[in-house]
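Residue-level listing of the chains:
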Amino acid sequence: MTEGQPRILAFAGSLREGSFNRKVLRYAILGAREAGGHVEELGPEHLTLPLYNGDLEKNGSFPEPVEAWRAKIRQSDGLLIASPEYNHGVSGVLKNAIDWGSRPPNVFRGKVAASFGATPGAQGTARSQMNLRICLSAVNVWVVPRTVLIAHASEAFDATGELKDPRQVQALTALGRALVQAARSGLADV
Ligand SMILES: Cc1cc2nc3c(=O)[nH]c(=O)nc-3n(C[C@H](O)[C@H](O)[C@H](O)COP(=O)(O)O)c2cc1C
């Protein structure tokens, strides 16, 4: 069980500067901080990793950016993941980062996660969330059962870049709080 202040790593599966997913991530981060989590947000540079290639693994060591990514995951208790939807699945960026982290020793083992997403489309990333849950389950991550889906993201933000709908803000901050509760629960030690 994680006593005190759980360490939360927050990131989006998009490298795009104007990423909707990075915009909605901010609200989940606020919720996690409200609940007492120590949150570190990773920018796109942390997920800019070489494509997975077994030939780049040398006697249990990895290319430098992969080592840095793996260390960040290892040092965390919980993950806040804003996942875009690409062709009904997770983005290649996110899947590649998960694949690198899963290589022995799997740095994801025993973490908890909350995932959610935003898309200009009508389904709010629902299909990529299902896809992501399958991947996270494969790497022994406990995922908070509920999610938040932001559909029609192109119209969801006002001129200052804030979400227009306070219910979406509430849902995202509540999910951030739920992750911190899950990190404290000892669930991941089961
Ligand atoms: C290759 C590709 C595939 C996509 N497939 C989907 C999809 O299946 N469902 C969806 O809702 N949006 C899809 N989109 C649109 C993305 O949701 C949109 O580009 C979104 O802005 C990406 O997230 P970001 O704003 O965080 O970068 C796709 C975009 C790309 C580039």
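The structure contained in this document is the topic of the report that follows. As the structure is a prediction and not an experimental result, all values here were calculated from the model.

1. Overview of a nonpolar patch on the surface
A cluster of nonpolar side chains, Trp142, Leu187 and Val190, forms an exposed patch at the surface whose accessible area comes to about 310 Å². Here Trp142 lies in strand 5 (residues 142-143).

2. Section: the nonpolar core
In this structure, Val24, Leu80, Phe116, Ile150, Leu163 and Leu172 are the most contacted members of the largest nonpolar core, which totals 32 residues. With near-sequence residues (within four places) excluded, Ile150 lies in contact with Val24, Gly117, Ala118, Thr119, Gly124, Ala156, Leu163, Gln168 and Leu172. Ranked by size, the runner-up nonpolar core spans 24 residues in total, among them Leu9, Leu42, Leu47 and Val90.

3. Some thoughts on the side chain of Ser19
Counting through the fold element by element, Ser19 comes out in the loop between strand 1 (7-12) and helix 1 (20-34). From its side chain, Ser19 meets the backbone nitrogen of Asn21 in a polar contact 3.1 Å long.

4. Concerning the environment of Pro104
Secondary-structure assignment places Pro104 in the loop between helix 4 (92-102) and strand 4 (112-118). On the accessibility criterion, Pro104 (52% relative accessible area) is exposed. As a C-alpha pair, Pro104 and Ser61 span 43 residues in sequence and 10.0 Å in three-dimensional space. Dropping the residues within four chain positions of it, Pro104 is found in contact with Phe62 and Arg70.

5. With respect to helix 1
Taking 1.5 Å of rise per residue, the 15 residues of helix 1 would be expected to cover 21 Å, and the 22 Å separating its terminal C-alpha atoms lies within 8% of that figure. Within the sequence span of helix 1, burial applies to Phe20, Asn21, Arg22, Val24, Leu25, Tyr27, Ala28, Ile29, Gly31 and Ala32. The N-terminus of helix 1 is capped by Ser19, whose side-chain oxygen sits 3.1 Å from the backbone nitrogen of Asn21. Looking one or two residues beyond helix 1, the residue adopting positive phi is Gly36, at roughly 100°.

6. Brief notes about the packing of helix 3 (residues 64-74) against helix 4
With their axes 10 Å apart at the nearest point, helix 3 and helix 4 run at an angle of 80° to one another. Accordingly, the angle class assigned to the pair helix 3 and helix 4 is roughly perpendicular. For the pair formed by helix 3 and helix 4, the contact residues are Val66, Trp69 and Arg70 on the first element and Ala97, Trp100, Gly101 and Ser102 on the second. Each residue belonging to the contact of helix 3 with helix 4 can be placed in one class, and the counts come to 4 nonpolar, 2 polar and 1 charged.

7. Here's the deal with the pairing of strand 3 (residues 78-82)
In terms of burial, strand 3 is a largely internal element, 5 of the 5 residues being buried. Neither face of strand 3 is open: one carries Gly78, Leu80 and Ala82, the other Leu79 and Ile81, and all of them are buried. Of the strand pairs in this sheet, strand 3 and strand 4 are connected by 5 bridges, and their pairing is parallel. Residue pairing for strand 4: Gly78 is matched across the bridge by Val112. Following the chain from strand 3 across helix 4 to the adjacent parallel strand 4, one finds a crossover that is right-handed.

Quick notes on the rules
- Numbers given to residues run from 1 along each chain, matching the order in which its sequence is written.
- In view of the model being predicted, local features appear only for residues whose pLDDT reaches at least 70, and side-chain atom pairs are presented and counted only at 80 or more, with totals across whole chains, interfaces and linings using the full set of residues.
- Here the side-chain values reflect all heavy atoms present in the structure, with hydrogen atoms and water set aside.
- Distance thresholds for patches are 9 Å for like charges and 5 Å for nonpolar side chains (Val, Leu, Ile, Met, Phe, Trp, Tyr), applied to residues having over 30% relative accessible area and no salt bridge.
- Note that accessible areas follow from Shrake-Rupley with a 1.4 Å probe, and for residues the cover is restricted to the protein chains shown.
- Salt bridge, as applied in this entry: a Lys or Arg side-chain nitrogen positioned within 4 Å of an Asp or Glu carboxyl oxygen.
- What counts as a helix is a DSSP run of H or I of at least four residues, what counts as a strand is a run of E of at least two, and both are numbered from the N terminus.
- To form a nonpolar core, buried Ala, Val, Leu, Ile, Met, Phe, Trp, Tyr and Cys residues must be joined to one another through side-chain atoms within 4.5 Å.
- Type-normalised accessible area, obtained with a 1.4 Å probe on protein chains alone, sets the label of each residue: buried when under 20%, exposed when over 50%, and partly exposed for intermediate values.
- Should any heavy atoms of two residues lie within 4.5 Å, those residues are considered in contact.
- A 3.5 Å cut-off defines polar contacts: any pair of N or O atoms within that distance qualifies, except that in protein one atom must be a possible hydrogen donor and the other a possible acceptor, and neighbouring residues in sequence count only when both atoms are side-chain atoms.
- One less than the residue count of a helix, multiplied by 1.5 Å, gives the span that helix is expected to have.
- In this description, a line fitted to the C-alpha atoms serves as the axis of each element, helices being fitted only across the stretch in contact, and the angle between N-to-C directions of two axes falls anywhere from 0 to 180 degrees.
- Angles are sorted into four bins: roughly parallel if under 35 degrees, roughly antiparallel if over 145, roughly perpendicular if 65 to 115, and oblique for all others.
- Charged residues are taken to be Asp, Glu, Lys and Arg, nonpolar residues to be Ala, Val, Leu, Ile, Met, Phe, Trp, Tyr, Cys and Pro, and polar residues to be all remaining types, Gly included.
- Pairing between two strands requires that DSSP report at least two bridges joining them.
- When the strands point away from the viewer and the path from the first strand over the helix to the second turns clockwise, the crossover is right-handed.

By themselves, these figures tell us nothing about what the structure is for.
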